[in-house]
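Coordinate inspection notes
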Amino acid sequence: IQQEQIGLNKEKDRKRKQNRRGFKRKESYENFTFLGVNAAGLASKLDTFDHTLKSTKTKIFFVQEVKQQSTGNINTEYLKNYHLFELVRKEERVSGGGLMIGVDREFQALQVRKGDNEVECLSVVVSVPGVDIRAVCGYGPQRRDSARRKSLFWDYLDKEVQLAEANNQLLIIQMDSN
């Protein structure tokens, strides 16, 4: 399990913004926790996962290898606090895989892109006061995969970088890149 904190408030002095009724303080987040994990099957680890989310006060989480046959099957009491976005492998002959991004419900979140069996990536934009964050979860191609499949994966990530720059968004890429 990886856990990172990023400072989203570039102005340490918490500048105040004037509105027509006077001054108001801009809402900001000094510490913003996100969590990334390759679960190798999340269903059997839900109690531990819930405990980790709760104890770390995670705002965004990323999971690779959820290993579910369809979306909407991962439910716990604490996960109700998150917007959940999932990508499930569709090929019957390919077992495992699957991605999930969870975003704390205090923020607006929108799925903006997703891959497929060839490109296992999922992208969500999270609106935090003062900034948008482009959150990307990916499961990289295996060594034995074709050059075409590898190229498609890295092209997807390159496009995410371009889109984040073009839209003035912060970018988090969390992945199992093998």
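Each value, and the rule that gives it
Counting of residues starts from 1 at the beginning of each chain's written sequence and follows it residue by residue. Totals for whole chains, interfaces and linings use every residue, but because this is a predicted model, local features are given only for residues with pLDDT of at least 70 and side-chain atom pairs only at 80 or more, for both listing and counting. To obtain the side-chain values, all non-hydrogen atoms of the structure were used and water was disregarded. Each helix is a run of H or I in the DSSP string that is no shorter than four residues. Each strand is a run of E no shorter than two, and both are numbered from the N terminus. Between buried and exposed lies partly exposed: a residue is buried under 20% and exposed over 50% of the maximum accessible area for its type, with that area taken using a 1.4 Å probe on protein chains only. In this analysis, two residues are considered to be in contact whenever any of their non-hydrogen atoms come within 4.5 Å of each other. Only the protein chains shown count as cover for residues, and the accessible areas themselves come from Shrake-Rupley with a 1.4 Å probe. Strands pair, by our definition, only if DSSP identifies at least two bridges between them. Axis geometry follows a simple rule: fit a line to the C-alpha atoms, using only the stretch in contact for helices, then measure angles between N-to-C directions, giving values from 0 to 180 degrees. Handedness of a crossover is defined as follows: orient the strands so they point away from the viewer, and if the path from the first strand over the helix to the second runs clockwise, the crossover is right-handed. Between the rings of Phe, Tyr and Trp (Trp by its six-membered ring), a pair exists once the centres lie within 6.5 Å; its type follows the angle of the planes, with under 30 degrees stacked, over 60 edge-to-face, and the other angles tilted. For the purposes of this section, nonpolar cores are sets of buried Ala, Val, Leu, Ile, Met, Phe, Trp, Tyr and Cys residues that join through side-chain atoms within 4.5 Å.

**Let's talk about the overall build of the chain**
The secondary structure content of the chain amounts to two helices and eleven strands. Buried residues in the chain amount to 46% of all 178 residues. Of the contacts made within the chain by residues no fewer than 6 positions apart, 58% connect residues no fewer than 24 positions apart. When the accessible surface of the chain is summed, it comes to about 10500 Å², and 43% of that surface belongs to carbon and sulfur atoms.

**A closer look at the side chain of Asp176**
Relative to the elements of secondary structure, Asp176 occurs in strand E11 (residues 170-176). Classification of Asp176 as buried rests on a relative accessible area of 19%.

**Examining the pairing of strand E6 (residues 82-87)**
In terms of burial, E6 is a largely internal element, five of the six residues being buried. Where E6 and strand E7 (residues 99-104) come together, six bridges link them in antiparallel fashion. Bridge pairing in E7 places Leu87 opposite Leu99.

**Things to note about the environment of Phe153**
With respect to the helices, strands and loops of the structure, Phe153 is situated in helix H2 (residues 147-166). On the basis of relative accessibility, which here comes to 1%, the residue Phe153 falls in the buried class. Taking the C-alpha atoms as reference points, Phe153 and Cys121, 32 residues apart in sequence, are found 7.8 Å from one another. Those residues in contact with Phe153, other than ones at most four positions away along the chain, are Val119, Glu120, Cys121, Gly138, Tyr139, Gly140, Pro141 and Met175.

**Some details on the environment of Ile60**
Relative to the helices and strands, Ile60 is located in strand E5 (residues 60-64). Sequence separation between Ile60 and Gly102 is 42 residues, and the spatial gap between their C-alpha atoms is 5.5 Å. Look past the residues within four positions of Ile60 in its chain and what remains in contact with it is Phe32, Thr33, Phe34, Leu35, Ile101, Gly102, Val126 and Ala135.

**Notes on the sheet that holds strand E10 (residues 131-139)**
Spatial ordering of the open sheet is given by E8-E9-E10-E11, a layout of four strands whose pairing is mixed. Only two strands of the sheet have a single partner each, and these edge strands are strand E8 (108-114) and E11. Strand after strand, the sheet turns through a mean of 20 degrees between neighbouring axes, direction not considered. By the bridge criterion, eight bridges tie strand E9 (residues 121-128) to E10 in an arrangement that is antiparallel. Paired with Val128 across the bridge in E10 is Val131.

**Digging into the pairing of E11**
Of the pairings in the sheet, the one linking E10 to E11 comprises seven bridges and is parallel in character. Bridge pairing links Val136 to Ile173 in E11. The handedness of the E10 to E11 crossover, carried by H2, is right-handed.

**Side note on the packing of aromatic side chains**
The full count for this structure, using the stated rule, is three aromatic pairs. With a centroid separation of 5.0 Å and an interplanar angle of 85 degrees, the aromatic rings of Phe153 and Trp154 are classed as edge-to-face. Since its relative accessible area comes to 39%, Trp154 is described here as partly exposed.

**A look at the nonpolar core**
Across soluble globular proteins, nonpolar side chains show a tendency to be buried alongside one another. Counting 20 residues, the largest nonpolar core has Ile60, Phe62, Ile101, Val103, Val126 and Val128 as its most contacted members. Put simply, the parts of the chain that give this core at least two residues each are strand E4 (32-38), E5, E6, E7, E9 and E10. The greatest single-element share of this core, amounting to five residues, is contributed by E10. With ten residues, the next largest nonpolar core counts Val37, Val63, Tyr82 and Met100 among its residues.

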